[in-house]
Amino acid sequence: PDSVTRIDLYTFYNCTSLETVISKYALYSFPQEVFYNCYNLENLFLPETTEQLTYAKDSFYGASKMAEQFIENNLVTAEFPFAFRNVSCRLENLTIVDFSVMDFKDISVKNLTLSDAYYYIPESFALGNPYIETVTLDGDIEYEAFKDCSLLNTVILGDRTFHVVRDNSFEGCT
């Protein structure tokens, strides 16, 4: 109904058959575990907005179909980390503007570009991701950031002067 102005934590928790949510009201925030384990959620219709969307921890935990759409359309920002944990997305190309919302161990992406707004790639960022083949980045790289990314064959370092590339950053990239 038009009177709904927000959805609270756990609203659709474990609604495994849920496929579509339609809201006439523009929702800007997705609280903790709101679509947790909504494996079949594929359509989320919201009015157009210029507001930045925010996601709390595990907002879309396990909702792979929905996560893939959000990620592909660069609708990913973070209030808390790991809004999209336990999702398995298969993407050809991905440009990340805010990588604090997902765990890259579960994301299948062939070509990964990290926004030049990020001057720091965290420790174990994509540790063991078996899908990444190309990564383009422009920031300091912490320990084991891309360790054991077995298909990684191309690393493109941007224009920025790198200050630190830590030990074992690319160890095991065969």
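Since the structure is predicted, the reported quantities are computational estimates derived from the model, not experimental observations.

Let's talk about the overall build of the protein
Turning to step 1, where the next piece is worked out: On a plain count of helices and strands, the protein comes out with one helix and 10 strands.
Turning to step 2, where the next piece is worked out: In sequence order, the protein lays out its α and β elements as β-β-β-β-α-β-β-β-β-β-β.
Turning to step 3, where the next piece is worked out: Contacts in the protein between residues far apart in sequence, at least 24 positions, make up 30% of those at least 6 positions apart.
Turning to step 4, where the next piece is worked out: Looking at the protein as shown, the accessible area adds up to about 9200 Å², and 47% of this sits on carbon and sulfur atoms.

Some thoughts on the environment of Glu-48
Turning to step 1, where the next piece is worked out: In this fold, Glu-48 is placed in the loop between strand E3 (43-45) and strand E4 (54-55).
Turning to step 2, where the next piece is worked out: For Glu-48, a relative accessible area of 83% gives the class exposed.

A few points about the pattern of salt bridges
Turning to step 1, where the next piece is worked out: Throughout the structure, instances matching the rule amount to two salt bridges.
Turning to step 2, where the next piece is worked out: Notably, a salt bridge pairs Arg-166 with Glu-142, separated by 3.4 Å at the nearest N-O pair. Here Glu-142 lies in the loop between strand E9 (140-141) and strand E10 (154-157) and Arg-166 lies in the segment after E10, a separation of 24 residues in the sequence.
Turning to step 3, where the next piece is worked out: As a salt-bridge pair, Glu-144 and Lys-147 come within 3.4 Å of each other at their nearest N and O atoms.

Thoughts on the packing of aromatic side chains
Turning to step 1, where the next piece is worked out: A complete count under the given rule lists nine aromatic pairs for this structure.
Turning to step 2, where the next piece is worked out: With a centroid separation of 4.4 Å and an interplanar angle of 5°, the aromatic rings of Tyr-36 and Tyr-61 are classed as stacked. Here the residue Tyr-36 occupies a position in the loop between strand E2 (29-30) and E3, and Tyr-61 occupies one in the loop between E4 and helix H1 (64-72), the gap between them amounting to 25 residues.
Turning to step 3, where the next piece is worked out: With relative accessibility at 15%, the residue Tyr-36 sits in the buried group.
Turning to step 4, where the next piece is worked out: The class for Tyr-61 is buried, based on a relative accessible area of 17%.

Conventions and cut-offs
Per chain, residue numbering runs from 1 following the sequence as it is written. Only residues with pLDDT of at least 70 are given local features in this predicted model, and only at 80 or more are side-chain atom pairs given and counted; all residues enter the totals for whole chains, interfaces and linings. Side-chain metrics in this entry use all non-hydrogen atoms of the structure; hydrogen atoms and water are not considered. Secondary structure follows DSSP: runs of H or I at least 4 residues long count as helices, runs of E at least 2 residues long count as strands, and numbering of each begins at the N terminus. The contact definition used throughout considers only heavy atoms, calling two residues in contact when any of these lie within 4.5 Å. All accessible-area figures derive from a Shrake-Rupley calculation using a 1.4 Å probe, and residue coverage is judged against the displayed protein chains alone. Relative accessibility thresholds used throughout: buried, under 20% of the residue-type maximum; exposed, over 50%; partly exposed, between the two (1.4 Å probe, protein chains only). What makes a salt bridge here is a side-chain nitrogen of Lys or Arg within 4 Å of a carboxyl oxygen of Asp or Glu, nothing more. Centres within 6.5 Å make a pair out of two Phe, Tyr or Trp rings, where for Trp the six-membered ring is used; the pair is then stacked when the planes are under 30 degrees apart, edge-to-face when over 60, and tilted otherwise.

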